[in-house]
Amino acid sequence: MPDEVDELILKMQHLEAQARAQREAQALEARGKSLRSRAQQIAWSAQAELSAAETQQRAGEEKLQRARDPGLKPIAAADLLEEGRRLADDGRTRVVKARAKLNFALDQMDEAERREYEALRVDARAEAHRQMAEDPLFKGTPVSTSSSPSASSSASPSSSPSPSTPTPTSTPTPTSTASPPPTGPPKTLGRRRPKGS
C-alpha cells in the first residue's frame, strides 16, 4: 500500500512537471518565432537602406571626382565639389547606421535560434517526465507475482533490466560472471602507462 501511494505521488509530480515543461517550451518557441520574424523584417529594411546608402556614397564620390576635372569652370567645380562632399558624407553616415541595424538584426536571429534550441531542450525534459510518470518507481518488470500486469506492460522496453541482472534473492556472484545493467555510454580508457613510471 505505501508503495502504491508513493507511486501515485511520484506520478502526479512527474505529470505536473511535464505540463509545466510543455507550457514553457511552447512559450519559448512562440517567442523565438516572433523574434525571428521581427529580426527578418529589420534585416530586410536594413539591407535596403544599406544598398541605397552605398549608392548615394558612390554618387557623391563620382561628383567629387568630376569636380577635380581641370576642364571644368571653377564655380561649377566648387558647386559639384560641395554637393559631392555632402552626398558622400551623408552616404557614409547612412552606411554605418544601416550596417549597425543589420548587425542588430543578425544578433536577434541568433537569439531566436537560441530560444528555439532551449524550447527543444525543455520539450525533451517534458518527454522525460512523461516517461517517468509511466513508471515512477522504475520497476520495469514485476519482481513478485503480486504486481499487476498493467504495470509491467506500461513500462518502457529501455527500462527493463537485462537477463544477466541478478535477482534480489540470489546470492552475490563475482563480478566476472554478472555485469551490472548499462548506465550510459561505455567508459574509454586512455593509453596504458609504461611499467615503472
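Here's what I pulled together on the structure shown here. These figures come from a predicted structure and were not determined experimentally.

## Quick look at the overall build of the protein
Phase 1: Assigned secondary structure in the protein consists of three helices and zero strands.
Phase 2: Shown N-terminal to C-terminal, the secondary structure of the protein runs as helices and strands in the order α-α-α.
Phase 3: The buried share of the protein, reckoned over its 197 residues, is 21%.
Phase 4: The long-range fraction of contacts in the protein, counting pairs at least 24 apart against all pairs at least 6 apart in sequence, stands at 79%.
Phase 5: Surface summary for the protein: the accessible area is close to 15000 Å², and the carbon and sulfur share equals 56%.

## A short note on the pattern of salt bridges
In a structure, side chains of opposite charge can pair up when their charged atoms sit close to one another.
Phase 1: Per the counting criterion, the structure on display carries 14 salt bridges.
Phase 2: Put simply, Glu 111 and Arg 115 hold a salt bridge, and the shortest N to O gap is 3.4 Å. Note that Glu 111 and Arg 115 are positioned in helix H2 (residues 74-134) at a spacing of four residues, about one turn of the helix.
Phase 3: What makes Arg 115 partly exposed here is its relative accessible area of 27%.
Phase 4: Residues Glu 118 and Arg 121 are paired through a salt bridge, measuring 3.2 Å at the closest nitrogen-oxygen approach. On the criterion of helical spacing, the pair formed by Glu 118 and Arg 121 is a turn pair, its members being three residues apart in helix H2.

## Points about the nonpolar core
Phase 1: Of all hydrophobic cores here, the largest spans ten residues; its members are Ala 39, Ala 43, Ala 46, Leu 50, Ala 53, Val 95, Ala 98, Leu 102, Ala 105 and Met 109.
Phase 2: Listed by contribution, the elements that provide at least two residues to this core are helix H1 (2-67) and H2.
Phase 3: Among residues more than four places away in sequence, those in contact with Leu 102 are Ala 43, Ala 46, Gln 47 and Leu 50.
Phase 4: The next biggest cluster of nonpolar side chains, apart from the first, holds six residues, and it includes Ala 25, Leu 28, Ala 119 and Val 122.

## Topic: the side chain of Lys 63
Phase 1: By the element assignment, Lys 63 lies in helix H1.
Phase 2: On the basis of relative accessible area, Lys 63 is assigned to the buried category, the value being 18%.
Phase 3: Excluding residues within four positions of it along the chain, Lys 63 makes contact with Leu 80, Glu 83, Gly 84 and Leu 87.

Scoring rules and cut-offs
- Residues numbered from 1 in each chain as written.
- Predicted model: local features only at pLDDT ≥ 70, side-chain atom pairs only at ≥ 80, totals over all residues.
- Heavy atoms only, no water.
- Helix = DSSP H or I, 4+ residues; strand = E, 2+ residues; numbered from the N terminus.
- Buried < 20%, exposed > 50% of the residue type's maximum accessible area, 1.4 Å probe, protein only.
- Contact = heavy atoms within 4.5 Å.
- Areas by Shrake-Rupley, 256 points an atom, 1.4 Å probe, with all protein chains shown as cover.
- Salt bridge = Lys/Arg side-chain N within 4 Å of Asp/Glu carboxyl O.
- Core = buried A, V, L, I, M, F, W, Y, C linked by side-chain atoms within 4.5 Å.

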